[in-house]
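Chain residues, written in single-letter form:
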Amino acid sequence: PPIVIVEEAAEVLEPQILAALGPWVQHLIMIGDHQQLRPPVETYALCRKHNFDISMMERLMNNQLPHGVLQTQNRMRPEFSQLLRDIYPGLKDNTDVIKDRKAPMCMANSMYFWHHDGEETSDRSFKNLEEVARVTQLALWFVQQGYRPSEVTILTPYQGQTREVRKSMKTALSKVFRMEDHPDLLQSKPQEAVDTSKGSKGAPAAPATPEQTAPQEKVQVHTIDRYQGDENEIVIVSLTRSNKKGNTGFLKLLNRRCVAQSRAKCGMYFVGNIPTLQSSPHWNTLMSSMTELGVIGRTLTLTCQRHPQNKVNATLASEIPINDSEFCKVPCREPLPCGLHVCKKRCQPWHPHKVCRQEVPITLVRCGHKAIRECSQDEDEVKCRQDVLFICHGEGCTKQHARKC
């Protein structure tokens, strides 16, 4: 073909593009973002000595080839994009689209950097168990507050940390949330259902066990590199590195920071160690901006969605109030689907309102007796418990007996 279009050209190695450019090609169009992660190269020496990981697109741009830049973003809340201005100076927000990106009502801030002092460990890869506990509890908090598991993503830079977080999350949902209390939470979906992380709702199938739950209905846990190009409502980033030497490893790449902080649409939360990351100039830039906005520190503030005056200031993972009825004792009073009753439970922990279980008196049509049923229950499902008298005529018996109607 005379025209070749390369999508995500900044992630493609130059030899791979050259292989597609025969003498018949008249026009090459490359579309991509060289500010995000470069193409993966197995041999590190090729990158260090020969710049093998620089794509053709980036190389030509570095050599002043004329190019166009998209300036308008449609993904994230404006305060998130503000933190990307050092990478994308001319970035603008499409307000008609992002005005619908609602900040999580269960958090005091739509974004936050949660500091800790827990040190990293390493064998074949780096991991940080303090951060594992924090991101797991924070993900559970969002799910308890009504977000679907598929609307929450946890990102880490290292495979070792990814494995630890997945292990922690594997049974966390089933341990914390009972199926009878949250029938809409752990469900599988038919194959044709649309991925809800893209903003559409697929029709739920019958409830399943956590082991049978479809992958799109679990909290997603990925490395930062693997999640490039994806997005979600809530993104929690475990930065992992925490040491006295200030060694940030490959987190020092600005491209990796760019990917990590540009995936979230409505809520973005970093968990990390401030002194370690401050040793990296570009991470220090981000944290300085977050300090100016007052969204960095040791205390993460969580709020009740219906009664925001009720708050919890969490400095440890264990202080996030999962299934804690003492967090907000105010009566819920959320209108129930019937339109006649309101919820009488305590506001927290969060609970669905899809079925009205208020007991109401009725007169059964089939027998005329009084009975009690749940508001949402069909009368045909109600058994009459009224005792009725009858005379037994069996074997000469003429006494009165009682039985249920």
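In what follows, the accompanying structure is described. (Residues numbered from 1 in each chain as written. Predicted model: local features only at pLDDT ≥ 70, side-chain atom pairs only at ≥ 80, totals over all residues. Heavy atoms only, no water.)

### Focus on the overall build of the chain
Keep this limit in mind: For helices the rule is a DSSP run of H or I covering at least 4 residues; for strands it is a run of E covering at least 2, with both sets numbered from the N terminus onward. The classification of residues rests on relative accessible area computed with a 1.4 Å probe and restricted to protein chains. Under 20% of the type maximum is buried, over 50% is exposed, and intermediate values are partly exposed. Only heavy atoms enter the contact rule, under which two residues are in contact if any of them lie within 4.5 Å. Only the protein chains shown count as cover for residues, and the accessible areas themselves come from Shrake-Rupley with a 1.4 Å probe.
Helices and strands together make up the secondary structure of the chain, namely eleven helices and 18 strands. Residue burial in the chain is summarised as follows: out of 405 residues, 45% are buried. The long-range share in the chain, meaning contacts at least 24 apart out of those at least 6 apart in sequence, stands at 63%. Only carbon and sulfur atoms are counted for the fraction: they give 52% of the accessible area of the chain, which is about 21,900 Å².

### Side note on the pairing of strand β5 (residues 111-115)
Inclusion rule: Strand pairing is assigned whenever DSSP identifies at least 2 bridges connecting the two strands.
Counted residue by residue, β5 has five buried out of five residues, so it is predominantly covered. With five bridges joining them, β5 and strand β11 (residues 264-272) adopt parallel strand pairing. The residue bridging Tyr112 from the neighbouring strand is Tyr269, located in β11. Bridge count for β5 against strand β12 (residues 296-297) is two bridges, and the pairing is parallel. Paired with Trp114 across the strands is Gly297, a residue of β12.

### A look at the packing of helix α6 (residues 129-144) against helix α7 (residues 159-170)
The condition is simple: To get an axis, a line is fitted to the C-alpha atoms, and for a helix only the part in contact is used. The angle between two axes follows their N-to-C directions and goes from 0 to 180 degrees. Put simply, angles under 35 degrees are roughly parallel, angles over 145 are roughly antiparallel, angles from 65 to 115 are roughly perpendicular, and the rest are oblique. Each crossing gets its hand from how the near helix is turned against the far one by less than a right angle, where anticlockwise is left-handed and clockwise is right-handed. As a working rule, the residues Ala, Val, Leu, Ile, Met, Phe, Trp, Tyr, Cys and Pro are called nonpolar, Asp, Glu, Lys and Arg charged, and the rest polar, with Gly in that last group.
Two numbers describe how α6 lies on α7: the axes approach to 9 Å, and their chain directions differ by 45°. Put simply, α6 runs oblique to α7. Our pair here, α6 against α7, has a crossing hand that is right-handed. Counting all contacts with α6, which are made through Leu129, Glu131, Val132, Val135, Thr136, Ala139 and Leu140, the residues of α7 involved are Gln161, Glu164, Val165, Ser168 and Met169. Split into classes, the residues belonging to the contact of α6 with α7 amount to seven nonpolar, three polar and two charged.

### Points about the pattern of salt bridges
Heads up, the rule is: What counts as a salt bridge is simple: a side-chain nitrogen of Lys or Arg found within 4 Å of a carboxyl oxygen of Asp or Glu.
This structure, assessed with the given rule, holds 17 salt bridges. Where Lys127 meets Glu164, a salt bridge forms, and the shortest distance between an N and an O atom there is 3.5 Å. With a gap of 37 residues between them, Lys127 in strand β7 (residues 126-127) and Glu164 in helix α7 connect regions that are remote in the sequence. Notably, a salt bridge pairs Arg134 with Glu130, separated by 2.6 Å at the nearest N-O pair. Here Arg134 and its partner Glu130 are both found in helix α6, four residues apart, which amounts to about one turn of the helix. The buried category is assigned to Arg134, whose relative accessible area is 3%. Each of the salt bridges in this network shares a partner with another, and the network as a whole consists of Arg75, Glu231, Glu233 and Lys265.

### Some thoughts on the packing of aromatic side chains
The test is simple: Classification of ring pairs rests on two measures: the distance between centres of Phe, Tyr or Trp rings, Trp counted by its six-membered ring, which must be within 6.5 Å, and the angle between planes, read as stacked under 30 degrees, edge-to-face over 60 and tilted in between. Charge-over-ring placement is defined geometrically: NZ (Lys) or CZ (Arg) within 6 Å of the ring centre, and within 35 degrees of the ring normal.
With the rule as written, the count across this model stands at seven aromatic pairs. Taking 5.8 Å as the distance between ring centres and 85° as the angle between the ring planes, the aromatic pair formed by Phe142 and Tyr147 counts as edge-to-face. Tyr147 shares its class with Phe142; the two are buried. Seen from their ring centres, Phe142 and Tyr269 are 5.6 Å apart, and the 40° between their planes marks the pair as tilted. Linking Phe142 in helix α6 with Tyr269 in strand β11, this pair joins segments that are 127 residues apart in sequence. Taken individually, Phe142 and Tyr269 each receive the classification buried, so the pair is uniform in this respect. Linked through ring pairs, Phe113, Phe270 and Trp283 together constitute an aromatic cluster. Between the NZ or CZ atom of Arg134 and the centre of the ring of Trp114, over which it lies, the distance is 4.5 Å. The aromatic ring of Phe250 is capped on one face by Arg256, whose charged end is 4.3 Å from the ring centroid.

### Some thoughts on the sheet that holds β5
Pairing in this open sheet of six strands is parallel, and the strands run β9-β8-β10-β11-β5-β12 from one edge to the other. The sheet is open, and its two edges are formed by β9 (220-223) and β12, each paired on a single side. As paired strands, strand β8 (residues 152-156) and β9 are joined by four bridges and run parallel to one another. Bridge assignment links Thr153 to a residue of β9, and that residue is Gln220.

### Topic: the side chain of Ser125
Checked against the element boundaries, Ser125 lands in the loop between β6 (121-122) and β7. When its relative accessible area of 14% is taken as the criterion, Ser125 is described as buried. Sequence-distant contacts of Ser125, defined by excluding residues within four places in its chain, comprise Tyr158, Gln159, Gly160 and Arg163.

### Points about helix α11 (residues 281-293)
The cut-off we apply is this: Expected span, for any helix, means 1.5 Å times one less than how many residues it has. An arc is given here, and it is the one of the directions from the helix axis to the C-beta atoms.
Relative to the 18 Å expected for 13 residues at 1.5 Å per residue, α11 spans 19 Å between its end C-alpha atoms, a close match to the ideal helical length. Residues His282, Trp283, Leu286, Met287 and Met290 constitute the buried set of α11. For α11, the angular spread of buried residues about the axis comes to 135°, placing them on one side. Turned more than 90 degrees away from the buried face of α11 sit Pro281 and Glu292, all of them exposed. Elements that come into contact with the buried residues of α11 comprise β5, α9 (254-260), β11, α10 (274-278) and β12. Positive backbone phi, approximately 75°, marks Gly294, located one or two places after α11.

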